Number of protein chains: 2
Amino acid sequence: MSQKDLSSLRVNKERLMKDIHDTCEWGKGERYGEHETETGMSRLSLSDTDKQARDWFHETTTALGCKVHVDAMGNQFAVRPGLNNDAPPTYAGSHLDTQPTGGRYDGILGVTAAVEMLRVLNDNWVETAYPIGVVNWTNEEGARFPMSMVASGVWSGDIPVEKAHNLKSVIPSNDTATMKSELERIGYLGSTPCSWESTPMAAHFELHIEQGPILEAEERRIGVVQGVQSYKWFTVTVKGRDSHTGATSFAHRADALLTTSKMIIASHKIAAKHGALASTGILNLKPGSTNTVPGWVQFSLDIRSPQDETVEKVEKECKAAFSALAAGDDFMNISSDCPPSTRHCTVEWRTDFISPATHFHADCISCVQSAGQDLCGSGQVKGKDIGSWGKLMTSGAGHDSVYASKRCPTTMVFVPCRDGVSHNPAEYSAPEACADGADVLLGAVVRYDKLRGQR
Amino acid sequence: MSQKDLSSLRVNKERLMKDIHDTCEWGKGERYGEHETETGMSRLSLSDTDKQARDWFHETTTALGCKVHVDAMGNQFAVRPGLNNDAPPTYAGSHLDTQPTGGRYDGILGVTAAVEMLRVLNDNWVETAYPIGVVNWTNEEGARFPMSMVASGVWSGDIPVEKAHNLKSVIPSNDTATMKSELERIGYLGSTPCSWESTPMAAHFELHIEQGPILEAEERRIGVVQGVQSYKWFTVTVKGRDSHTGATSFAHRADALLTTSKMIIASHKIAAKHGALASTGILNLKPGSTNTVPGWVQFSLDIRSPQDETVEKVEKECKAAFSALAAGDDFMNISSDCPPSTRHCTVEWRTDFISPATHFHADCISCVQSAGQDLCGSGQVKGKDIGSWGKLMTSGAGHDSVYASKRCPTTMVFVPCRDGVSHNPAEYSAPEACADGADVLLGAVVRYDKLRGQR
């Protein structure tokens, strides 16, 4: 096809939405509205419902003429042949697992749009220069097996496969399954080694909902993603002393939960000062009864910023602040009216995950930008921006594209989601936004294939 | 026996300590030191280990000549006959269940000291005017079945037996047992109705560790307890919105955990202002993943003060403060350096338990004071106090004596515990302190029996 013909390729919005909503029957979550599709998703990685979604992926892409293989992390790769099949495919894809109370678009849109891309290529008898692949990465969310993007991390060589296989399920809390045992159980422990060498990629494109409020607020249709924020994850343990709530005066307490409350507030103050983010999403305490002051609290801390140095600064200041707070030094004046305690807590930090700032590939970004411009036409240019249709942006969330970018040219396409809500049953992107994103994904992949052919 | 003879009755310290440590083999908890008795206790109510302790109580008191019966709440009553058995017994007792990470003295001291009292009466061929009873109350802690002192509450007529029977186990979290099913399972669903009418008491004396630091700090041997603090328990639910930690700016969050942190600090500030106590011992959140801002938090709030009016005041101010904090009004300046959020949380309160201030009976208090004075001799009198050996005090914690006091003259005896620590494996009272308390318990019961005989 000529450049003009390629530009005219468009996805079928209804078919795409049908794929999204049909596959979301597997792992349906909380209802938030009255329409039949107004439910969230709870499709934990390697669960029975994840297996159903995987089976759909396998059957659908096979029926579309792809050769599908599964690697040792359960990553699924469907490849549509090109004219020259001696070089690696250009991939599009994302993930089909969700948060325990997640929505219908995070990850799912990226995979279904890539499948829709295959359909459009087939419908139009497009012959690409090189093969085109679609990938479904395992356990991107890190919700069930507590390591996000673990399977792309094994693929890129950043995480040892044994470490990933041995990850224990944390949901449900009494589960004893490991990633490997669950991969075996549902029949997705593939024979191909999980690595960029065994399954090479020429490029990796990922369509995703923004998961933030910016595109919607600025009325932009497409986010052209230049990179991903730097972030670090920690587990913080505060130890005080269990004591009776009725018989222990404030002065005699070493209250691990009160101390943790101060730490959570301190982390927000420190992050805000640096224009960074700090968040606590998990908190457990012991012993856990109404009339016992908790002597033990453990919580997660997630620090993010576009700059690695800023994340380091926030970490350093939080460490100093938490130590001071544990020792009873309320230097931030958080609880100034409470009588000081003569007993103190201790605090320990464990670093769980480090994801430095990621910078995506200029060629990929250029293909997305070109496809976006082509789709959305000649919007007005605002300042130094790329046009009112789109926005150059940094992703706040991590994605499999972070690991993919270590081994091949990569970028992402964002589309607006309502109110910036994500990781929530009410997560929503309009069909028009989903189709916009799928059109740009398709356009970018086809352009990248053409670019490879021209080299 | 004459008054002089009665005054000379003393418990056998070694025998008492042996009972404590022998029975603590059932339900042994966390180790905190190297000595063989330096472990805590984890003997949840109606568990297999609680059954072992109950069986010991039954066998031991039966062997000591008591008639033992069990009521519909599993309360065990052992009665040693007196000269006149047409009137109700004078009881001593407490409870044998513990917190999940509790110690060896809370409750256990009160029951074993009462059993030791029976031994001393037998050894000395004491004939009391009226029968003397020992009681083991079920589920005082409210740790496994979430209602403290529930079985004495049914006995006093304050809690319907059906409500108590239907309480569901909360530890372990996946347990589906109810109080009734567990009473049946371990063979302690007695045929006697659980009520003060079916099992009347002439009086109720309870020896307990202080669970606070005052006696130790002031070097007093005995606390003469005049009453119990007023307290109220609440469950507070904060609803915000789940959102992605990386893609959601502080301004766009409705962070239920950050809001809860402010509430916990606010409750401490408000309670401190009124000389009251506020405590949070339970906190659960959803969805619970490192990269999701929690949209839902539920926590317990325990408010205490010697005065009912003060508890009401603290409750009222906390309600106003929590509503303001949920709505984003940081009027307490807790998190002044954080950028304000445009999104807010909601807060709901549920009242779980109300225990008004309790005032114990003058006759019982007088018997304890007399026994204490007799045991500890003529210490110097400090100010308006009863002598340096003891202290008139208000219990910070609730006890079965609160419900008992509604149906019969009641009081309690406190002994010092190390560092004021309780509800903790390291809870400790020296053998001398245990024996002091048991001697005063014995002396008070014998004096009360004599008082009844003189009427």
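As a reminder, the structure under discussion sits directly above these lines.
Notes on the structure in this doc start here. (Residues numbered from 1 in each chain as written. Chains lettered and ligands numbered in written order. Predicted model: local features only at pLDDT ≥ 70, side-chain atom pairs only at ≥ 80, totals over all residues. Heavy atoms only, no water.)

**Considering the overall build of chain A**
- Within chain A, the secondary structure is distributed over 13 helices and 18 strands.
- Relative to a compact globule of 455 residues, whose C-alpha radius of gyration would be 23 Å, chain A shows 24 Å and is just as compact.
- A principal-axis box enclosing the C-alpha atoms of chain A has dimensions of 80 × 55 × 45 Å.
- Within chain A, residue pairs in contact and separated by at least 24 positions form 77% of the contacts whose partners lie at least 6 positions apart.
- Within the structure as shown, chain A displays about 16,100 Å² of accessible surface, and the carbon and sulfur contribution to it stands at 49%.
- Averaged over its 45 positive side-chain charges, chain A has a centre that lies 3 Å from the centre of its 56 negative ones. (Helix = DSSP H or I, 4+ residues; strand = E, 2+ residues; numbered from the N terminus. Rg over C-alpha atoms; globule rule 2.2 N^0.38 Å. Contact = heavy atoms within 4.5 Å. Areas by Shrake-Rupley, 256 points an atom, 1.4 Å probe, with all protein chains shown as cover. Lys, Arg positive; Asp, Glu negative; His and termini not counted. Charge placed at Lys NZ, Arg CZ, Asp CG, Glu CD.)

**A word on the relation of the copies chain A and chain B**
- Between chain A and chain B, the superposition needs a rotation of 180 degrees and an axial shift of 0.1 Å, giving an RMSD of 0.1 Å. Accordingly, the operation relating the two chain copies is best matched by a two-fold axis.
- Interface overlap between copies is the fraction of interface residues in one copy that are interface residues in the other; for chain A against chain B it reaches 99%, indicating a shared surface. (Least-squares fit on C-alpha atoms with pLDDT ≥ 70 in both.)

**What to know about the packing of helix α9 (residues 256-273) of chain B against helix α10 (residues 308-326) of chain B**
Residues and elements named next belong to chain B.
- It is the contact of α9 with α10, at a shortest axis distance of 9 Å, that shows an interaxial angle of 150 degrees. The angle between α9 and α10 places the two elements in the roughly antiparallel class. For α9 against α10, the interelement crossing comes out right-handed. Mapping the contact onto sequence places T259, K262, M263, A266, S267, I270, A271 and K273 in α9 and V314, E317, C318, A321, F322, L325 and A326 in α10.
- Looking at the contact of α9 with α10 residue by residue, the class counts come to 10 nonpolar, 2 polar and 3 charged. (Axes fitted to C-alpha atoms, helices over the stretch in contact; angles between N-to-C directions. Parallel < 35°, antiparallel > 145°, perpendicular 65-115°, else oblique. Left-handed = near helix turned anticlockwise from the far one by under 90°. Nonpolar A, V, L, I, M, F, W, Y, C, P; charged D, E, K, R; others polar.)

**A look at the packing of aromatic side chains**
- Summed over the entire model, instances satisfying the criterion amount to 22 aromatic pairs over all chains.
- Taking 6.0 Å as the distance between ring centres and 85 degrees as the angle between the ring planes, the aromatic pair formed by A:Y105 and A:Y428 counts as edge-to-face. Taken as a pair, A:Y105 in the loop between β5 (90-95) and α4 (108-123) and A:Y428 in the loop between β18 (410-415) and α13 (431-454) lie far apart in primary sequence, 323 residues in all.
- Residue A:Y428 is classed as partly exposed on the basis of its relative accessible area, which comes to 27%.
- A centroid spacing of 5.1 Å and a plane angle of 75 degrees characterise the contact between B:F234 and B:W349, whose relative ring orientation is edge-to-face. Residue B:F234 is located in strand β9 (residues 230-239), and its partner B:W349 is located in strand β15 (residues 346-355); the two are separated by 115 residues in the primary sequence.
- Here the aromatic residues A:F77, A:Y91, A:W137 and A:W155 are joined through ring pairs into a cluster of three or more.
- Against the face of A:Y231 rests A:R304, its NZ or CZ located 4.2 Å from the ring centre.
- Between the NZ or CZ atom of B:R452 and the centre of the ring of B:Y130, over which it lies, the distance is 4.0 Å. (Phe/Tyr/Trp six-rings, centres within 6.5 Å; stacked < 30°, edge-to-face > 60°. Buried < 20%, exposed > 50% of the residue type's maximum accessible area, 1.4 Å probe, protein only. Lys NZ or Arg CZ within 6 Å of the ring centre and 35° of its normal.)

**Points about the environment of B:H344**
Residues and elements named next belong to chain B.
- Positionally, H344 belongs in the loop between α10 and β15.
- For H344 and E25, which are 319 residues apart along the polypeptide, the C-alpha to C-alpha distance reads 51 Å.
- The contact partners of H344, leaving out residues within four places of it in the chain, are K239, A254, A326, A327 and G328.
- Within the structure, the side chain of H344 is placed 3.3 Å from the backbone oxygen of A327, a separation counted as a polar contact. (Polar contact = N/O pair within 3.5 Å; in protein donor to acceptor, adjacent residues only side chain to side chain.)

**Details of the pairing of strand β14 (residues 296-305) of chain A**
Residues and elements named next belong to chain A.
- Counted residue by residue, β14 has 8 buried out of 10 residues, so it is predominantly covered.
- Across 10 bridges, the pairing between strand β9 (residues 230-239) and β14 is antiparallel. By the bridge assignment, K232 is partnered in β14 with I303.
- Two strands pair when backbone bridges link them, and strand β11 (residues 277-279) and β14 are joined in this way by 3 bridges, in the antiparallel orientation. (Pairing = 2+ DSSP bridges.)

**Looking at the pattern of salt bridges**
Residue and element names in this part refer to chain B.
- Summed over all chains, the structure comprises 54 salt bridges over all chains.
- In this structure, the salt-bridge partner of D19 is R119, at a minimum N-O distance of 2.4 Å. Here D19 is found in helix α2 (residues 13-23), whereas its partner R119 is found in helix α4 (residues 108-123), with 100 residues between them in sequence.
- Residues R54 and D50 are paired through a salt bridge, measuring 3.0 Å at the closest nitrogen-oxygen approach. (Salt bridge = Lys/Arg side-chain N within 4 Å of Asp/Glu carboxyl O.)

**Considerations on empty space enclosed by the protein**
- One pass over the structure, following the stated rule, counts 5 cavities of 30 Å³ or more.
- Within this model, the largest cavity holds a volume of roughly 110 Å³.
- Around the largest cavity sit 16 residues that line it, and A:H244, A:N291, B:E140, B:E141 and B:G398 are the ones nearest its centre.
- When the residues that make up the lining of the largest cavity are grouped by side-chain class, the tally is 4 nonpolar, 8 polar and 4 charged.
- Looking at the lining of the largest cavity, you find at least three residues from each of domain 1 (3-228 + 357-454) and domain 2 (230-355) of chain B.
- Put simply, the second largest cavity is a space of about 90 Å³.
- As for the second largest cavity, its lining consists of 15 residues, and the residues nearest its centre are A:E140, A:A397, A:G398, B:H244 and B:N291.
- Taken together, the residues of the lining of the second largest cavity break down into 4 nonpolar, 7 polar and 4 charged.
- Composition of the lining of the second largest cavity by domain shows at least three residues from each of domain 1 (3-229 + 357-454) and domain 2 (230-355) of chain A. (1 Å grid on protein atoms, 1.4 Å probe; cavity = no way out; pocket = protein on both sides within 12 Å on 5 of 7 lines; lining within 4 Å. Points joined across faces, edges and corners; volume = space filled by probe spheres on them. Domains from an automatic or database assignment.)

**A closer look at the side chain of B:T98**
Residue and element names in this part refer to chain B.
- Note that T98 resides in the loop between β5 (90-95) and α4.
- Judged by relative accessible area, which is 2%, T98 ranks as buried.
- Excluding its chain neighbours within four sequence positions, the residues that come into contact with T98 are M41, S42, R43, L44, G103, I108, E141 and A143.

Take it as geometry only, folks, not as evidence of what the structure does.
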